[in-house]
There are 2 protein chains.
Amino acid sequence: MNLPETIKRPTLHEELVERLRNLVVEDALKPGEKVPEKELCESFGVSRTPLREALKVLASEGLVVLQANRGARVARVTRKELEDTFPVIAMLEQLAGELACQNLNDAEIARIEKRHDAMVKAYKARDRKTYFQANQDIHNALIDGAKNELLESHHRMLAVRVRRARFMVNLSEERWAEAIQEHEQMMEKLRDRDVTGLGQLMKTHMMNKFAAHIKALDLASEDSAESRTLS
Amino acid sequence: MNLPETIKRPTLHEELVERLRNLVVEDALKPGEKVPEKELCESFGVSRTPLREALKVLASEGLVVLQANRGARVARVTRKELEDTFPVIAMLEQLAGELACQNLNDAEIARIEKRHDAMVKAYKARDRKTYFQANQDIHNALIDGAKNELLESHHRMLAVRVRRARFMVNLSEERWAEAIQEHEQMMEKLRDRDVTGLGQLMKTHMMNKFAAHIKALDLASEDSAESRTLS
DNA sequence: TGACTGAATTATGAATTCATAATTACGTTT
DNA sequence: AAACGTAATTATGAATTCATAATTCAGTCA
């Protein structure tokens, strides 16, 4: 039996931060929309105090925007914001790749390979949902593998933005195939413990993803006149 | 007359986030210390509600630690945390250097050179306070020069940690001279618009700073037995 | 004396209340 | 009818109150 592990009792506002973040990321609360304080309080069965505390935290993460005396709105996902996000996240992934190569043990790498195989399988079955999950698991495992809490937390904050953007563009068949290729290469580098190699790959992987997103956005914006902000 | 500029009316809790953050960064609230909710409310002349909202935000930044039903404590600065911080901040500075080289115009670069000269002057006069301020201004100007809000905000969060650590170690004469040298080189690269060059320099500059910090910490910890956490 | 028990006190999380800013609805005027 | 001004309503920020968990302290017993 493995002992202690400090009992986790999530305080109300932490729970709410989680839930609200999910509502935003899963696109249940749409960008630009006003956050319905009253309704949310009722549906969660809590008073305004903890909910507002949670909103403050979400605001500091940039997921909602607070306007003095006018409540909170879900932050819009602008093109500029996406353009800003990717270079930063790419750098973090590069660093994560380098550190993960150094820190992961063989068993951990084997576990990642398993997820990788599952992802490839999902790709072949064109099972988007499973693919996305496995993909996210792999990236998270590599980030965790860096064993750097700061890196992890900052990456998580940025990844939320990208995940949010996922709802706006759809993965093209070409990009999907390309992404799988890149992941294959990443696994190779990881097996070989090629520190700078994996870092480099993860960076370019992210920048390619970025390019695909922007391309998809440009295609999408051909339809609508107001292409400055998305959705 | 240049128009709009949305009127800034800081809400109470934002103001408090600022103030509290300063208390932590300026080491008025010592690491590990309990945050005296009551006293702070009185001294700021506000009720607990906005102060607690501010604490939640500070907690999400990692500056304080919340314990359920036991209030907030100022986060301890551990060695591991510093070791985690620097590589991340170094990557961000590298990216900032690259982007700043591309985005800054001649006038902006000239302004940075002015600050650089002021910094060198402060160095020669051994005026630590002025030096630190000018140094910080330069770094901030380069970060701002990247014109990337995400980069900026994440950098700011991490920089706070380093600034906090400044109170624990003292800049050695050798490292000080070295840092000035590095800054001279940085200005050169900036003038030459050497994108990758400046990026590289800023990264190593930060890692050198890191090494100096760690070295100073090791020297300091020789004195005290409880060297696992600092202060 | 020193460790334990339990009551008193204090601190904390969360609900509620209150004052005010923002929004809406309505009436007036042209 | 459209535009403006004003009153009613609602939403919001912040103070206050309340219930409960944590801490302190006094008293008891070994």
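Residues numbered from 1 in each chain as written. Chains lettered and ligands numbered in written order. Predicted model: local features only at pLDDT ≥ 70, side-chain atom pairs only at ≥ 80, totals over all residues. Heavy atoms only, no water.

1. A word on the overall build of chain A
Okay, so step 1: A count of helical and extended segments in chain A gives nine helices and four strands.
Okay, so step 2: Written out in order from the N terminus, the α and β elements of chain A read α-α-α-β-β-β-α-α-α-α-α-α-β.
Okay, so step 3: By the compact-globule yardstick of 17 Å for 231 residues, chain A fits well, its C-alpha radius of gyration being 19 Å.
Okay, so step 4: Projected onto its principal axes, the C-alpha positions of chain A cover 60 × 55 × 30 Å.
Okay, so step 5: Looking at chain A as a whole, 45% of its 231 residues are labelled buried.
Okay, so step 6: Counting only contacts in chain A whose residues sit at least 6 apart along the sequence, the fraction spanning at least 24 positions is 76%.
Okay, so step 7: Taken as a whole, chain A presents about 12300 Å² of accessible surface, with 49% of it coming from carbon and sulfur. (Helix = DSSP H or I, 4+ residues; strand = E, 2+ residues; numbered from the N terminus. Rg over C-alpha atoms; globule rule 2.2 N^0.38 Å. Buried < 20%, exposed > 50% of the residue type's maximum accessible area, 1.4 Å probe, protein only. Contact = heavy atoms within 4.5 Å. Areas by Shrake-Rupley, 256 points an atom, 1.4 Å probe, with all protein chains shown as cover.)

2. Let's talk about the pattern of salt bridges
Should their charged atoms come close, side chains of opposite charge can pair.
Okay, so step 1: Under the definition given, this model contains 40 salt bridges over all chains.
Okay, so step 2: Salt-bridge contacts for K189 of chain A lead to D194 of chain A; the nearest nitrogen and oxygen are separated by 3.5 Å.
Okay, so step 3: What makes D194 of chain A partly exposed here is its relative accessible area of 26%.
Okay, so step 4: Ionic pairing is found between K30 of chain B and D27 of chain B, a salt bridge with its closest N-O pair at 4.0 Å. (Salt bridge = Lys/Arg side-chain N within 4 Å of Asp/Glu carboxyl O.)

3. What to know about the protein's contact with DNA strand D
Okay, so step 1: Lining the immediate surroundings of DNA strand D are 17 residues, of which K34 and R52 of chain A together with L12, S47 and T49 of chain B lie closest.
Okay, so step 2: Sugar plus phosphate: this is where 71% of the atoms of DNA strand D within 4 Å of the protein reside.
Okay, so step 3: At a separation of 2.9 Å, a phosphate oxygen of DNA strand D approaches a polar backbone atom of L12 of chain B.
Okay, so step 4: For the surface near DNA strand D, the elements supplying multiple residues, two or more each, are α3 (48-60) of chain A together with α1 (12-25) and α3 (48-60) of chain B. (Near = heavy atom within 4 Å. Polar contact = N/O pair within 3.5 Å; in protein donor to acceptor, adjacent residues only side chain to side chain.)

4. Some thoughts on the interface of chain B and chain A
Okay, so step 1: Contact residues are listed per partner, giving 29 residues for chain B and 29 residues for chain A.
Okay, so step 2: Both sides of the chain B and chain A interface together cover about 2500 Å² of buried area, and 69% of this is carbon and sulfur.
Okay, so step 3: It is K56, M91 and L150 of chain B in chain B that bury the most area against chain A; as a group they hold 23% of the surface buried on that side.
Okay, so step 4: Between chain B and chain A we count four salt bridges in total.
Okay, so step 5: Where chain B touches chain A, the interface holds ten residue pairs in polar contact (both at pLDDT 80 or more).
Okay, so step 6: For the side of chain B that touches chain A, the secondary-structure elements that each account for two or more residues are α3, α4 (79-103) and α7 (149-165) of chain B. (Buried area = accessible area lost by both parts, 1.4 Å probe.)

5. Section: the packing of helix α1 (residues 12-25) of chain A against helix α7 (residues 149-165) of chain A
All names here are of chain A.
Okay, so step 1: As a packed pair, α1 and α7 sit with axes 9 Å apart at the nearest point and diverge in direction by 40°. Classed by the angle they form, the pair α1 and α7 counts as oblique. Packed against α1, whose contacting residues are R21, V24 and V25, the element α7 presents V160, R163 and R164 at the interface.
Okay, so step 2: Within the contact of α1 with α7, the residues separate by chemical class into three nonpolar, no polar and three charged. (Axes fitted to C-alpha atoms, helices over the stretch in contact; angles between N-to-C directions. Parallel < 35°, antiparallel > 145°, perpendicular 65-115°, else oblique. Nonpolar A, V, L, I, M, F, W, Y, C, P; charged D, E, K, R; others polar.)

6. Some words on the protein's contact with DNA strand C
Okay, so step 1: In the neighbourhood of DNA strand C, 17 residues make up the surrounding shell, with L12, S47 and R70 of chain A together with K34 and R52 of chain B lying closest.
Okay, so step 2: Taken together, the sugar and phosphate atoms account for 71% of what DNA strand C places within 4 Å of the protein.
Okay, so step 3: Here a phosphate oxygen of DNA strand C and a side-chain polar atom of T11 of chain A are 3.1 Å apart.
Okay, so step 4: Of all the secondary structure elements, the ones that give two or more residues to the surface near DNA strand C are α3 of chain A together with α3 of chain B.
Okay, so step 5: Sort the elements by how many residues they give to the surface near DNA strand C and α3 of chain A lands first, with three residues.
Okay, so step 6: Class assignment for the residues of the surface near DNA strand C results in three nonpolar, seven polar and seven charged.

7. Observations concerning the domain arrangement of chain A
Residue and element names in this part refer to chain A.
Okay, so step 1: Entries for chain A in the domain assignment read domain 1 (12-75) and domain 2 (79-230).
Okay, so step 2: Just the C-alpha atoms count here: the centres of domain 1 and domain 2 sit 27 Å apart.
Okay, so step 3: On the domain 2 side, the residues contacting the eleven residues of domain 1 number six residues.
Okay, so step 4: If you sort the residues of domain 1 by the area they bury against domain 2, V25, E61 and L63 come out on top, with a joint share of 48%.
Okay, so step 5: Linking domain 1 with domain 2 are zero salt bridges, by the criterion used here. (Domains from an automatic or database assignment.)

8. A short note on the relation of the copies chain B and chain A
Okay, so step 1: For the pair chain B and chain A, the relating rotation is 180°, the translation along its axis is 0.0 Å, and the fit reaches an RMSD of 0.0 Å. The superposition of one copy onto the other is thereby described by a two-fold rotation axis.
Okay, so step 2: Same-surface contact between copies: 100% of interface residues of chain B are shared with the interface of chain A. (Least-squares fit on C-alpha atoms with pLDDT ≥ 70 in both.)

9. So, the nonpolar core
Okay, so step 1: The biggest cluster of nonpolar side chains holds 50 residues, and the ones touching the most others in it are F86, I89 and L151 of chain A together with F86, I89 and L151 of chain B.
Okay, so step 2: Setting aside anything within four residues of it in sequence, one finds F86 of chain B in contact with V162, M206, M207, K209, F210 and H213 of chain B. (Core = buried A, V, L, I, M, F, W, Y, C linked by side-chain atoms within 4.5 Å.)

10. Regarding the side chain of E81 of chain B
Okay, so step 1: Topologically, E81 of chain B is positioned in helix α4.
Okay, so step 2: Discounting residues that sit within four places of it in the chain, E81 of chain B has contacts with L150 of chain A together with R76 and R161 of chain B.

11. Focus: α7 of chain A
All names here are of chain A.
Okay, so step 1: For α7, spanning 17 residues, the distance from its first C-alpha to its last is 25 Å, which sits close to the expected 24 Å at 1.5 Å a residue.
Okay, so step 2: Of all the 17 residues making up α7, twelve are buried; the element is thus mostly covered by neighbouring parts of the structure.
Okay, so step 3: When we look at burial in α7, the residues that qualify are L150, L151, H154, H155, M157, L158, A159, V160, R161, V162, R164 and A165.
Okay, so step 4: Its side-chain oxygen placed 3.1 Å from the backbone nitrogen of L150, N148 serves as the N-cap of α7. (Expected span 1.5 Å × (residues − 1).)

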